[in-house]
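Spelled out, the chains give:
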Amino acid sequence: MSRKPLPLCVVVAIAFSIAPISEFVGTPAASAESGILSSAEASSSRLPTVHLDGGYFTRNGKRFLPVGAHWVPAKAAMQWPIDWDPKDIEADFAKMHELGYSLVRIDMLWAWFEPRPGDYNPKAFQQLDYLVSLGHKYQIYIHPSLLIGGEVGEAYWDVPWRHGRHPHADPDMLRLETNLANEFGRRYANESGIIAWDLTDEPPFWIVADSTTDAMAINWTRLIVDGIRQYDKLHPIVVGTSGQEITHGPFRADDISKFVNFFSVHPFTLYAPDLFPDPLLSVRGTYGAAFEIALSQGAGRPVMIHEMGASTAQFSPERVAAYDRTQIYSGIGAGSIGVDLWCYTDASPQQFHKVPYLRTPQETGWGMTTWDRQDKPLAREFKKISQVVDQLDLSGISPAPADIGIVIPDEWAKPHGDFSHFGLSGAELTPYVSTADADAIPGARQPDLSNANRWLMSSVLTSFILARRAHLKADFPREYQDWTKRPMLFMPSPITSTADPFLTHVRTDFYEKAKRYVETGGYLYASMAADGAIPDMAPLFGARLVDRAPSSEVILKIVSPLGGLKPGETFHYIVPSQTIESWGTILEVTSGKVIAVDQYNRPALVTNEVGQGKTLLSAFPLEHYLANVPAAFEQPENTHRIYEAFGDWAGVKPAFRADQPSVEASALKGGDRGYLVIVNHSAEPQNATVFTTLAAHSIGRITPQGITPVKMNGSTWKVALDSFEGAILEWK
């Protein structure tokens, strides 16, 4: 796990020596001291085979949510293959079983499995056999992470024979990596104790993070997957990516979606302060998992929380527990197919005296247990959650469809150098060469798009949270997907901009499709900044751009009612920078209706009716403003009421909603039954009233002890939630 701002490119020499292979030939395979279970022990309670079905893991014909954490043992840490202690390892598995684990993710240290090019270490595979056998014994699926690599702090556990070659690009390195993946597939093709293969943890490899291109990531993933699939057709495959979507990294979901079976997210919001400028335990912070899940889902695969958490060396144990608890429930409501926290245990004090823990004090306290297996508050919360999710019957269940589609530009989603949607056809006398796709030119480097990406991601994150606070579910369809299935479409600035880099905004021809969408009954919201450009704007939005509107603050005053908005209400914003990305626009209203004006009495919110649909236009980039306010949602903040008013005007009614903006309500729906995941994202306890539009006749709250009936009053009922608490209710 990389717990640091990305990208970081650090090389740390390998910290263990490789013993000659001859020392391991003929090693006994059945003694307790060697750490290999007897055949009787190994076969006594074998785990059933797992596969993906309808977006969830399935075993014995029943869907389930695997939950657990990443295992780095307390005493041996990343030296566990060398400091091999079978009894201590089994004690860890026993403790994980006690806490309700059904999954554990484990690093397959590349140098240990392949000490010389193409020469595999039999001892390493014996150790993996032992870990799998413990998984069967304690009913915990093993999730091996291959080709490690980077793990813990800034450490990179290199293979001693790399000699500076690029592991994502060098032909020999690619051949060797593919062959090792092939060997794992050959040995474990039918092993039911393995839930899925993770190709590696947090690519790009940290030593080449700044020089890995989209093309390298795509080719690497395709090759390694093909290596496994030569023998193994059973196990699902993922690449354990961290922050690749929110940082626009080369291993983002859109680049690798064709090759893997599911995606992962590592929503470490504390290491993304540019997107989450908040305390650890905050509204924006606790939406991190749901946001990253929804963003990845837009690339067309189910998503799992792979790593998540915070260190009790930096934050109080109680706050860490509440942070993880809130994100787990919110993530399940967003459709997460499993939970794998970072990590099982704290480091032992003996690890404090050597790298990487010597240089990274925060690494010592990430566990849900102490180094001597005592429960921390997170362990107690996790055990309750595992008991709750174990009661779920997910047959025929899927996350409810979104009310709002937040459009992700194709320029953001496409690989660098892909010209497939450029409107070109046939041969040209003078070929088109794009300076924005410079890496497609031989010898040119992939451009740095980090600032533009942050601008886009911070805005769509804010829009996502505002939608949830307005009790509307948002997802992230890509520009060239069928986003017309959503009743509402949202385009927060900079999606409406004309900026370069182009990844921040949709293309010119998008608005023709948007106009047809509205004319046939769709509802479109857009916010503008002074850098915006919408062709043929007036027929769609009932207003046109006149000029830029420089300002240091913006005050919106409602002058006409819309939904629950009443004349006289005001909204106040601080403009974060004196740039065209932050300034608003001056509008000239044509066919539209002015709902709000700014402090200079200029149109600020304008509605319009087009055919069977409706639009709402903001003359200011409201989402961009909130994205730049630290702890924005810990202060009095009501921008969600603009979203809520537009939803009311559009007649969009979610299946479930609560009467408090801080209480998130997400539906997992089947035919005539399902689950409501309800989460309090605030520091204040809530006694929320929940409303449903469904013909539900019974509600029960799932607790660790079982289902407790909830009294209904028609189509409403009360749910009491502590601060940052989540719950799952079953409805029929």
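Here the structure is a predicted model, which means the values were calculated and not measured.

What follows covers the sheet that holds strand 26 (residues 674-680). The six strands are arranged 12-25-26-32-28-29 in an open sheet whose pairing can be described as antiparallel. Bordering the open sheet on either side are strand 12 (398-399) and strand 29 (706-710), each of which pairs with just one other strand. As paired strands, strand 12 and strand 25 (residues 663-669) are joined by two bridges and run antiparallel to one another. Residue pairing in the sheet places Ser398 in a bridge with Lys669 of strand 25. Contacting strand 12, strand 25, strand 26 and strand 32 (726-731), helix 10 (residues 317-334) crosses the sheet at an angle of about 145° to strand 26.

It is worth spelling out the nonpolar core at this point. If you look at soluble globular proteins, the nonpolar side chains tend to sit buried side by side. Core analysis: the largest hydrophobic core is formed by 207 residues, its most contacted members being Phe93, Phe184 and Phe464. If one sorts the elements of this core by residue count, helix 13 (residues 450-469) sits on top with nine residues. Other than its neighbours up to four places away in sequence, Phe464 contacts Tyr287, Ala290, Phe291, Ala294, Ile406, Ala474 and Phe476. Core analysis: the second largest hydrophobic core is formed by 20 residues, Ala655, Ala658, Val719 and Ala727 among them.

Inspection of helix 14 (residues 510-519) places Phe510, Tyr511, Ala514, Tyr517 and Val518 among the buried residues, and these make up the whole buried set. Along helix 14, the residues classed as buried sweep out an arc of 110° about the axis, all on the same side. In the core, the buried residues of helix 14 are packed alongside strand 15 (488-491), strand 16 (523-527), helix 15 (537-541), strand 22 (603-610) and strand 23 (613-618).

Evaluated as defined, the whole model comprises 37 aromatic pairs. Look at Trp84 and Tyr130: their rings are 5.7 Å apart centre to centre, the planes differ by 75°, and that puts the pair in the edge-to-face class. Remark: Tyr130 occurs in helix 4 (residues 122-138) and Trp84 occurs in the loop between strand 4 (67-71) and helix 2 (86-98); sequence separation between them is 46 residues. One aromatic cluster in this structure is built from Trp110, Tyr156, Trp161, Phe205, Trp220 and Phe251. The ring of Phe125 carries Arg187 above its face, with NZ or CZ at 3.8 Å from the centroid. Lying across the ring of Phe691, Arg657 places its NZ or CZ 4.4 Å from the centre.

The next thing to look at is the pairing of strand 15. In regular strands, side chains alternate between the two faces of the sheet. Residues Met488 and Phe490 line one face of strand 15 and the alternating positions Leu489 and Met491 line the opposite face, and both faces are buried. Relative to strand 15, strand 13 (residues 404-406) runs parallel, the two sharing three bridges. By the bridge assignment, Ile406 is partnered in strand 15 with Phe490. The pairing of strand 15 with strand 16 spans four bridges and is parallel. Paired with Met491 across the two strands is Ala526, which belongs to strand 16.

The next point concerns the sheet that holds strand 14 (residues 474-475). Pairing in this open sheet of nine strands is mixed, and the strands run 14-13-15-16-23-22-21-18-19 from one edge to the other. The sheet terminates laterally at strand 14 and strand 19 (570-574), the two strands that pair on one side only. Where helix 14 meets the sheet, it contacts strand 15, strand 16, strand 22 and strand 23, and its direction lies at approximately 145° from that of strand 15.

Turning our eyes to something else, we now look at the packing of helix 4 against helix 5 (residues 171-188). Running from N to C, helix 4 and helix 5 cross one another at 50°; their axes reach a closest spacing of 13 Å. The angle between helix 4 and helix 5 falls in the class oblique. When the axes of helix 4 and helix 5 are compared, the crossing they make is right-handed. Judged by residue contacts, Phe125, Leu128 and Asp129 of helix 4 engage Glu183, Phe184, Arg187 and Tyr188 from helix 5. A per-class count over the contact of helix 4 with helix 5 returns four nonpolar, no polar and three charged.

The rules behind these values
- Residues numbered from 1 in each chain as written.
- Predicted model: local features only at pLDDT ≥ 70, side-chain atom pairs only at ≥ 80, totals over all residues.
- Heavy atoms only, no water.
- Pairing = 2+ DSSP bridges.
- Helix = DSSP H or I, 4+ residues; strand = E, 2+ residues; numbered from the N terminus.
- Contact = heavy atoms within 4.5 Å.
- Axes fitted to C-alpha atoms, helices over the stretch in contact; angles between N-to-C directions.
- Core = buried A, V, L, I, M, F, W, Y, C linked by side-chain atoms within 4.5 Å.
- Buried < 20%, exposed > 50% of the residue type's maximum accessible area, 1.4 Å probe, protein only.
- Arc of directions from axis to C-beta.
- Phe/Tyr/Trp six-rings, centres within 6.5 Å; stacked < 30°, edge-to-face > 60°.
- Lys NZ or Arg CZ within 6 Å of the ring centre and 35° of its normal.
- Parallel < 35°, antiparallel > 145°, perpendicular 65-115°, else oblique.
- Left-handed = near helix turned anticlockwise from the far one by under 90°.
- Nonpolar A, V, L, I, M, F, W, Y, C, P; charged D, E, K, R; others polar.

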